[in-house]
Amino acid sequence: MVMIGRYRVADPLAFPNLSRRSTIADAVIGLILLVLMLAFSSGLTTTVQVVSLLIGLALMCRRSAPSVMMLLAVTSAVIQVATYDVAVGPCLLYSVLYYTAGNHPDRRVRGASLAVAVVGSAIAAWVYPRSTAFGTDAEASTIVSHTMTFVGIAVLLVGSWTFGFIRYQRHSVEQARIAEQISELERRRLLDLYDEQAQRSRLARDMHDVVAHSLAVVVAQAEGARFALDASPEAAKEALGVIADAARQALADVRGVLEELRSTESTAEHARTDRDQLYARMRAAGMTLQSTEIGDEDAASPLSVRVAFAVLTEALTNALKYGDLGAPVYVRQDWSDGCRLTVANSLSEKPLAPGGAGHGIRGMAERAELAGGTLTSAAVEGGWLVELVIPARPEGPS
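One numbering rule holds for all chains: residues counted from 1, following each sequence as written. Where totals are concerned, whole chains, interfaces and linings use all residues; where local detail is concerned, this predicted model gives features only for residues with pLDDT of at least 70, and gives and counts side-chain atom pairs only at 80 or more. Side-chain metrics rest on all non-hydrogen atoms present in the structure, leaving aside hydrogens and water.

In the annotation of an unreviewed UniProt entry, the entry for the protein reads histidine kinase, and the organism field reads Gordonia cholesterolivorans. UniProt positions are given in the numbering used here, feature names are shortened, and annotations may be inferred rather than shown by experiment. Listed under Catalytic activity (unreviewed entry) in UniProt, the entry text for the protein is "ATP + protein L-histidine = ADP + protein N-phospho-L-histidine."

In structure tokens form, the structure reads like this:
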């Protein structure tokens, strides 16, 4: 931000995702350096004092207003060239400014600043020997003297720019890796939804086969027994036996389907292993996780364990997509009385992924309802909070 009168104008070249804390830190550090430079240059020439002022102001707005930073830096250099008066100490801080330019996400800024660094090194190599005490010495104007000056200044300016550019490249690679992680998580989530829908469809078919066939047998035998009750009591008795056998078989089949739905075999251990893998994937994607677990997960029902893991996966995925990766994500699981899961994260002003349609939140709410619990997912002061509560004895199917 830069001020024009009473109005705030956003610099189009400002660094993206720049927090208020970073802006304040740049301003404070730049102000401290500005005061120190002015203090040390109090007995020096006016040019040195003006250059110190311009460079200090450039440091204060180097990331929030790069356009102003570059204008101030170039102006300070032009003043020194015009007056043949070089402020050696303040000029050393050009390294910070060129590091910032090399780390800028805009390719045009990086290219222009590199060209200025090379041209500025050449001009400085011509000006600096004449601005020193050796300016009257013939040796100061030799090719060797200018070459050594050019190399030294180029190392300072171009080297700083190169260091910033390397930092930018590393950040770009990390961003690409995070985007790939998000795509992989989305793909897995879609595959899980597909598998879940396929499982539900298969269970619906199984239940239909069991119930429809059994009820058809029961209805047919009941109708026959009703008509044969007076004429042939033995036939009616036999029909009732068939009805009882059909009902017992149907009950056994329904129990088998429900038992398969429960899938109790090593469910808790499997979920715990998956959770460790989930944490590892999230941390590899750049997320800082702080996890706390209370109570014994093995004492919870397998359904609660599965629902909690599904909600945790979705919540962390959303935190990765829409949260601020510079702030930690807090996960707390309490198994002492049922299941209480909370996931809290800060929000990013410019998330890595665009806004979603809300299917993930609806899916978490449906899973919580299936286990007889409740789910809250909403914005809170300073971020986003997901809270899952499943009672010790859920009302839903177990």
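Enquirer: Can you help me understand the UniProt feature "transmembrane region" (unreviewed entry) in the protein in this one?
Expert: Within this numbering scheme, the UniProt entry marks residues 28-59, 71-97, 109-128 and 148-168 as carrying the feature "transmembrane region" (unreviewed entry). A run of DSSP states H or I qualifies as a helix once it reaches four residues; a run of E qualifies as a strand once it reaches two. Both are numbered from the N-terminal end. Spanning residues 148-168, this segment combines 100% helix with 0% strand, and its end C-alpha atoms are found 30 Å apart.

Enquirer: Help me out: how do you make sense of the pairing of strand S7 (residues 383-390) in this one?
Expert: One face of the sheet, then the other: side chains in a regular strand alternate in exactly this way. Strands pair, by our definition, only if DSSP identifies at least two bridges between them. Pairing between strand S5 (residues 339-345) and S7: seven bridges, direction antiparallel. The residue of S7 that forms the bridge with Arg-340 is Val-389. Note that strand S6 (residues 374-380) and S7 share seven bridges and pair antiparallel. Considered in S7, the bridge of Thr-376 is made with Glu-387. Taking the residues between adjacent antiparallel strands as the criterion, S6 and S7 are bridged by two residues, where Gly-382 takes a positive phi near 90 degrees.

Enquirer: Looking at this structure, I do not really get the packing of helix H2 (residues 46-60) against helix H3 (residues 66-83). What am I missing?
Expert: When two helices pack together, their arrangement is given by the angle between the helix axes and the distance between those axes. Axis definition: a line fitted to C-alpha atoms, limited for helices to the stretch in contact. Angles are taken between N-to-C directions and run from 0 to 180 degrees. Put simply, H2 and H3 touch, their axes get as near as 8 Å, and they point 165 degrees apart. By the angle class used here, H2 and H3 are roughly antiparallel. Judged by the sense of rotation from one axis to the other, the crossing of H2 with H3 is left-handed. Across the interface between the two elements, Thr-47, Val-50, Val-51, Leu-54, Ile-55, Leu-57 and Ala-58 of H2 pack against Met-69, Leu-72, Thr-75, Ser-76, Ile-79, Gln-80 and Thr-83 of H3. Orientation is classified from the angle alone, with under 35 degrees giving roughly parallel, over 145 giving roughly antiparallel, 65 to 115 giving roughly perpendicular, and any other angle giving oblique. Helix crossings get a hand from a simple test, with the near helix turned counterclockwise from the far one by less than a right angle marking a left-handed crossing and a clockwise turn marking a right-handed one. We call two residues contacting when some pair of their heavy atoms lies within 4.5 Å.

Enquirer: What is the right way to read the sheet that holds S6 from this model?
Expert: Strands belonging to one sheet form pairs held by backbone hydrogen bonds; the direction of such a pair is parallel or antiparallel. Taken together, five strands build an open sheet; the order of strands is S3-S4-S5-S7-S6 and the sheet is mixed. With one partner strand each, in any of the chains shown, strand S3 (289-294) and S6 form the two edges of the open sheet. The mean angle between the axes of side-by-side strands here comes to 10 degrees, regardless of whether they run parallel or antiparallel. Packed onto the sheet, helix H10 (residues 302-322) meets S3, strand S4 (329-334), S5, S6 and S7 and runs at close to 5 degrees relative to S5.

Enquirer: Just to check I follow, could you spell out the packing of aromatic side chains for this structure?
Expert: One pair of aromatic rings is described through two measures. These are the centre distance and the angle between the planes. Working definition: rings of Phe, Tyr and Trp (its six-membered ring) pair if their centres are within 6.5 Å, and the pair is stacked with planes under 30 degrees apart, edge-to-face with planes over 60 apart, and tilted otherwise. Under the criterion given, the structure shown has three aromatic pairs. Ring geometry for Tyr-99 and Phe-163: centres 5.6 Å apart, planes at 35 degrees, overall tilted. Taken together, the residues span a long stretch of sequence, with Tyr-99 in helix H5 (residues 94-102) and Phe-163 in helix H7 (residues 143-231) at a distance of 64 residues. Only protein chains enter the calculation, and the probe is 1.4 Å; a residue is then buried if its accessible area is under 20% of its type maximum, exposed if over 50%, and partly exposed in between. On the basis of relative accessibility, which here comes to 56%, the residue Phe-163 falls in the exposed class. Taken together, the ring pairs connect Trp-161, Phe-165 and Tyr-168 into an aromatic cluster.

Enquirer: How should the pattern of salt bridges be read in this particular structure?
Expert: Where charged atoms from two side chains of opposite charge approach closely, those side chains can pair. Salt bridge, as applied in this entry: a Lys or Arg side-chain nitrogen positioned within 4 Å of an Asp or Glu carboxyl oxygen. Considering all chains together, one arrives at eleven salt bridges under this definition. Between Arg-189 and Glu-186 there is a salt bridge; the shortest N-O distance is 3.2 Å. Of the two residues, Arg-189 and Glu-186 are both situated in helix H7; the distance of three residues between them amounts to about one turn of the helix. In this structure Arg-189 comes out as partly exposed when scored by relative accessible area, which is 21%. Its relative accessible area of 17% is what places Glu-186 among the buried residues. In this structure, a network of salt bridges that share partners links the residues Asp-26, Arg-62 and Arg-63.

Enquirer: In this structure, what is going on with the packing of H3 against H5? I would like to understand it.
Expert: Between H3 and H5, the least distance of the axes is 11 Å, while the angle of their chain directions is 140 degrees. Between H3 and H5, the crossing angle belongs to the class labelled oblique. Pair H3 / H5 crosses with left-handed handedness. Of H5, the residues touching H3 (which contributes Met-69, Ala-73, Ser-76, Ala-77 and Gln-80) are Tyr-94, Leu-97 and Thr-100. Three classes are used, and their members are as follows: Ala, Val, Leu, Ile, Met, Phe, Trp, Tyr, Cys and Pro are nonpolar, Asp, Glu, Lys and Arg are charged, and the others, Gly among them, are polar. For the contact of H3 with H5, a count of residues per class yields five nonpolar, three polar and no charged.

Enquirer: Even after reading the chapter, I still don't get the nonpolar core, so can you show me in this structure?
Expert: Most often, soluble globular proteins keep nonpolar side chains buried together rather than apart. Working definition of a nonpolar core: buried Ala, Val, Leu, Ile, Met, Phe, Trp, Tyr and Cys residues. They are joined through side-chain atoms within 4.5 Å. Counting residues in each nonpolar core, the largest one holds 32 residues, and the members touching the most others are Leu-316, Val-343 and Leu-388. Counting only elements with at least two residues in this core, the list comes to H7, helix H9 (267-284), H10, S4, S5, helix H11 (359-370) and S7. Looking at this core, the element that brings in the most residues is H10, giving ten residues. If you look at the next biggest cluster of nonpolar residues, it comprises 19 residues, including Leu-93, Leu-97, Leu-157 and Trp-161.

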